[in-house]
Amino acid sequence: MQTITQKELTLVKPDDFHLHLRDGVALSSVVNYTAAQFSRAIVMPNLKPPVVNTEMALAYRERILRCVDEKYNFEPLMTLYLTDNTSVESIKTAAESNIIKALKYYPAGATTNSDQGVTDIKKTYAALEAMMGSGLPLLVHGEVTGDDVDVFDREAVFIDKVLTPLAKDFTELKIVFEHITTRAAVDFVMESNDKVAATITPQHILLNRNDLFKGGLQPHHYCLPILKAENDRQAVLTAATSGNPKFFLGTDSAPHARNTKETSCGCAGIYSAPNALEIYAEAFDSAGQLDKLEAFASHYGADYYDLPRNTEQMTLIKKEQAIPEFLPFGDEEIVPFRAGGTCSWQLKK
Ligand code: DOR
Ligand code: ZN
């Protein structure tokens, strides 16, 4: 049970249901920021090469755990990368492992390391059938690809062309519409059955597409799906703070070295891990909905994934903190969300 005073919020330690941890030195630079704030995280499989089978996921999980500071009791929840060739057999192995919690569907070419993603969802129908049978959720990057569709419309077109037929064909399949960005996505999730849920990032409730260009081009606000119009931001914020259990926390924290963002062709991804929970707290507080934060961050996602709710508690205090301009990232640097700015909440140490 959360307790809120004007200056403090004590809540059950949350989980991050959408996280990129990368591998190697990048992994060791980022994972403890998440472990400090979150008990568990759904770890995305878009490595190079992608994590396409249980064996690879188990090895990746070991590499993650080796980087976690022993003071944290952090549990990585592993996912597999769905391809046109994912077999029914590999779904069965994944389900029996108890370690694999979901499969991630990247439309081929939609985002970072998605070139081996799905070219046509129909090619995965046997795998989806097996997932439905074993209760493994499908995590969806919901954007169509191709230059014929405007980048700001890709999520809405995906709902019409892909997601609506998919949800009709697999009414018992658990589907998480990841990092939703539009009013259309909010409406789709609310109108769907209780198998369909969505994650919501900090950037999509705090920023709109003007923030991509404010004072000049802002590469650290570039992520996919791209920031949308103010009307969409408001709809997503309202969903996040509504107390509807279909909407829960997933940061989509996506680390890229500074030089790969501040360049002529910059990578997509916002690195929010170091202050993610505090930034959500600020957003919920500004919306006058702080009392909805604990369920969004610590209850609904766990319930959806049939995981026990965490029991450890943590406290946030309303006290301004400065966000650094950059942080170490192996031998390189990384620029966190809100770099050089402030956040009005912080974790109580
Ligand atoms: O902005 C993004 N970055 N969106 C994604 O879907 C992938 C992610 C990444 O892995 O960098
Ligand atoms: Zn992601």
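Preceding this section is the structure that the text describes.
What counts and how
Numbering of residues begins from 1 in every chain and follows the order in which that chain's sequence is written. The naming scheme follows written order: chains are lettered A onward, ligands numbered 1 onward. Local features in a predicted model are, by the rule used here, given only for residues with pLDDT of at least 70; side-chain atom pairs are given and counted only at 80 or more, and totals for whole chains, interfaces and linings are based on all residues. Water and hydrogen atoms play no part in the side-chain values, which are based on all heavy atoms of the structure. Strands are treated as partners if at least two bridges between them are detected by DSSP. Secondary structure elements follow DSSP: runs of H or I of four or more residues count as helices, runs of E of two or more count as strands, with numbering from the N terminus. What counts as an axis is a line fitted to C-alpha atoms, over the stretch in contact for a helix, and the angles between N-to-C directions run from 0 to 180 degrees. Within this scheme, the nonpolar core is defined by two criteria: the residues are buried Ala, Val, Leu, Ile, Met, Phe, Trp, Tyr or Cys, and they are joined through side-chain atoms within 4.5 Å. Relative accessibility decides the category of a residue: with a 1.4 Å probe and only protein chains considered, values under 20% of the type maximum give buried, values over 50% give exposed, and everything between is partly exposed. Contact between two residues is taken to exist if any of their heavy atoms lie within 4.5 Å; hydrogens are not considered. Of all possible arcs, the one meant is that of the directions from the helix axis to the C-beta atoms. One heavy atom within 4 Å of a molecule or strand is enough for the residue carrying it to be called near that molecule or strand. In protein, a polar contact requires one atom able to donate a hydrogen and another able to accept it; more generally it is a pair of N or O atoms within 3.5 Å, and residues adjacent in sequence count only if both atoms are side-chain atoms. Per-residue and other accessible areas were derived by the Shrake-Rupley procedure at a 1.4 Å probe size, with only the shown protein chains allowed to occlude residues.

Undergrad: Lay out the sheet that holds strand 9 (residues 196–200) in plain terms, naming residues and giving numbers.
TA: Spatially, eight strands are ordered 3-4-5-6-7-8-9-10 in an open sheet, and the strand pairing comes out parallel. Lying at the two open borders of the sheet, with one neighbouring strand each, are strand 3 (15–19) and strand 10 (247–249). Across the sheet, the axes of successive neighbouring strands diverge by a mean angle of 30°, strand direction being ignored. Bridging between strand 8 (residues 175–177) and strand 9 involves three bridges; their strand directions are parallel.

Undergrad: So what about the nonpolar core? Which residues, and what values?
TA: Ile-64, Leu-128 and Leu-293 are the most contacted members of the largest nonpolar core, which has 86 residues in total. If one sorts the elements of this core by residue count, helix 5 (residues 154–169) sits on top with seven residues. In contact with Leu-293, other than residues within four places in its own chain, are Gln-2, Leu-9, Leu-11, Tyr-280, Ala-281, Phe-284 and Leu-316. With 17 residues, the next largest nonpolar core counts Ala-295, Tyr-300, Ala-302 and Leu-307 among its residues.

Undergrad: Hey, could you go over helix 6 (residues 183–191) for me, with residue numbers and the actual values?
TA: Those residues of helix 6 lying buried are Ala-185, Val-186, Phe-188 and Val-189. Across the axial projection of helix 6, the buried residues extend over an arc of 160°, all falling on one side. Against helix 5, strand 8, strand 9, helix 8 (230–240) and strand 10 lie the buried residues of helix 6.

Undergrad: Give me the site of ligand 1: which residues, what numbers.
TA: Close to ligand 1 lie 13 residues; Arg-22, Asn-46, Thr-111, Leu-224 and His-256 are nearest. Taking Ala-268, its main chain carries an N or O atom lying 3.0 Å from a nitrogen atom of ligand 1. Gly-269 places a main-chain nitrogen or oxygen 3.3 Å from an oxygen atom of ligand 1. When isolated, ligand 1 has an accessible area of 290 Å², and the protein chains bury 100% of it.

Undergrad: So what about the side chain of Thr-199? Which residues, and what values?
TA: The residue Thr-199 is located in strand 9 in this model. Note on Thr-199: relative accessible area 1%, which makes it buried. A polar contact is formed between the side chain of Thr-199 and the backbone nitrogen of His-179, at a distance of 2.9 Å. Ignoring anything within four residues of it in the chain, the contact list for Thr-199 reads Phe-17, His-18, Val-176, Phe-177, Glu-178, His-179, Ile-180, Phe-248, Leu-249 and Gly-250.

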